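One-letter residues, chain by chain:
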Amino acid sequence: MTFDEAKDKFIHTWGTLATQWGINRSMAQLHALLLIAPQPLATEDVMEQLQISRGNASMNLRDLMDWGLIYKQLKPGERREFFMAEKDIWKVARQVAKERRRREITPVVEVLNELKMISTDTPEAKEFQRVMEGLSSVVGFADNTLNAVIKAEENWLMGQFLKVFR
């Protein structure tokens, strides 16, 4: 396999994989391109290499910066902005976990906490409360797990991961 074939395959695969994390395919492919780029890339470089529009590139670059996965870098004498990805994959994993927790888990926890306040004077209300407590337990476990990943160091996280397979 040539480098260009490997690069295209990685970018395509990263795009497909990241859709499972809640990231759109174009955003993930742009992240993959920046992840493997040895030097920061300008918006025009991204557009050319991924064959995407300026609007698509700009929107996804902004979203990746919001996720904390890429950084803007200015070069002296250049009017263009350049972008580079965080290269530490463990930091990337923790950042994705942090963002998913903020965007998905925290709002659910807040709603479930609000729903605990209902009165349970009818059988329907009691069943509702029972289901909400079960959901709260599962979401709480997910929240604690993501929190552990976010705070984890690479060695601890790898050790925990390997325990699963023993």
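Counting restarts for each chain, with residues numbered from 1 along the sequence as it is written. Totals for whole chains, interfaces and linings use every residue, but because this is a predicted model, local features are given only for residues with pLDDT of at least 70 and side-chain atom pairs only at 80 or more, for both listing and counting. Processing note: side-chain calculations cover all non-hydrogen atoms of the structure and skip hydrogens and water entirely.

- By the naming in an unreviewed UniProt entry, the protein chain is HTH-type transcriptional regulator, taken from Spirosoma telluris.
- UniProt, in the comment section headed Sequence similarities (unreviewed entry), describes the protein chain in these words: "Belongs to the GbsR family." UniProt positions are given in the numbering used here, feature names are shortened, and annotations may be inferred rather than shown by experiment.

## Some details on the environment of Arg80
Here is step 1 of the chain: Secondary structure elements follow DSSP: runs of H or I no shorter than four residues count as helices, runs of E no shorter than two count as strands, and numbering proceeds from the N terminus. Its location among the elements puts Arg80 in the loop between strand E2 (70-74) and strand E3 (81-85).
Here is step 2 of the chain: Only protein chains enter the accessibility calculation, which uses a 1.4 Å probe; a residue is then buried when its area is under 20% of its type maximum, exposed when over 50%, and partly exposed in between. Given the relative accessible area of 33%, Arg80 is considered partly exposed.
Here is step 3 of the chain: In this structure the C-alpha to C-alpha distance between Arg80 and Gln39, which are 41 residues apart in sequence, comes to 14 Å.
Here is step 4 of the chain: The contact rule is simple, with two residues in contact once any of their heavy atoms fall within 4.5 Å. In contact with Arg80, other than residues within four places in its own chain, are Ala42, Glu44 and Asp45.

## Things to note about unusual backbone geometry
Here is step 1 of the chain: Non-glycine residue Gln51 carries a positive phi angle of around 55 degrees.
Here is step 2 of the chain: Among the secondary structure elements, Gln51 is positioned in the loop between helix H3 (43-50) and helix H4 (54-67).

## Quick notes on the sheet that holds strand E1 (residues 41-42)
Here is step 1 of the chain: Judged by pairing direction, the sheet is antiparallel, and its three strands sit side by side in the order E1-E3-E2 without closing on themselves. At either end of the open sheet lies a strand with only one pairing partner, and these are E1 and E2.
Here is step 2 of the chain: By this definition, two strands are paired if DSSP reports at least two bridges between them. Sheet topology places E1 next to E3; two bridges connect them, and they run antiparallel. Counted as the bridge partner of Ala42 is Phe82 from E3.
Here is step 3 of the chain: With respect to the sheet, helix H2 (residues 25-36) is in contact with E1, E2 and E3, its orientation differing from that of E3 by roughly 85 degrees. For helices, the fitted line uses only the C-alpha atoms of the stretch in contact; every axis is such a line through C-alpha atoms, and the angle between N-to-C directions lies from 0 to 180 degrees.

## Details of the pattern of salt bridges
Here is step 1 of the chain: The salt bridge definition used is simple: a Lys or Arg side-chain nitrogen within 4 Å of an Asp or Glu carboxyl oxygen. Counted under the stated rule, the structure contains nine salt bridges.
Here is step 2 of the chain: Between Glu81 and Lys72 there is a salt bridge, with the nearest N and O atoms lying 3.0 Å from each other.
Here is step 3 of the chain: Sharing partners across several salt bridges, the network here consists of Glu44, Arg54, Glu78 and Arg80.

## Comments concerning the domain arrangement of the protein chain
Here is step 1 of the chain: The start and end points of each domain follow an automatic or database-based domain assignment. Domains assigned within the protein chain are domain 1 (3-85) and domain 2 (89-163).
Here is step 2 of the chain: Of note, the centres of domain 1 and domain 2, computed from C-alpha atoms alone, are 30 Å apart.
Here is step 3 of the chain: Listed per partner, the contact involves nine residues of domain 1 and eight residues of domain 2.
Here is step 4 of the chain: Buried area, as used here, totals the accessible surface that two parts lose on assembly, with accessibility defined by a 1.4 Å probe and the loss added over both. Summing both sides of the interface, domain 1 and domain 2 together bury roughly 740 Å²; the carbon and sulfur share of this comes to 72%.
Here is step 5 of the chain: The largest per-residue losses of area from domain 1 upon contact with domain 2 belong to Trp21, Trp67 and Leu69, which jointly make up 68% of the total buried on that side.
Here is step 6 of the chain: We define a polar contact as two N or O atoms separated by no more than 3.5 Å, with the added condition that, inside protein, one atom must be a possible hydrogen donor and the other a possible acceptor, whereas residues neighbouring each other in sequence contribute only through side-chain atom pairs. In this assembly, domain 1 and domain 2 are joined by one residue pair in polar contact (both at pLDDT 80 or more).
Here is step 7 of the chain: Mapped onto the side of domain 1 that touches domain 2, the elements with two or more residues apiece are H2 and H4.
Here is step 8 of the chain: Classifying every residue of the side of domain 1 that touches domain 2 gives four nonpolar, four polar and one charged. Residue polarity follows a fixed list, in which Ala, Val, Leu, Ile, Met, Phe, Trp, Tyr, Cys and Pro are nonpolar, Asp, Glu, Lys and Arg are charged, and the others, Gly among them, are polar.

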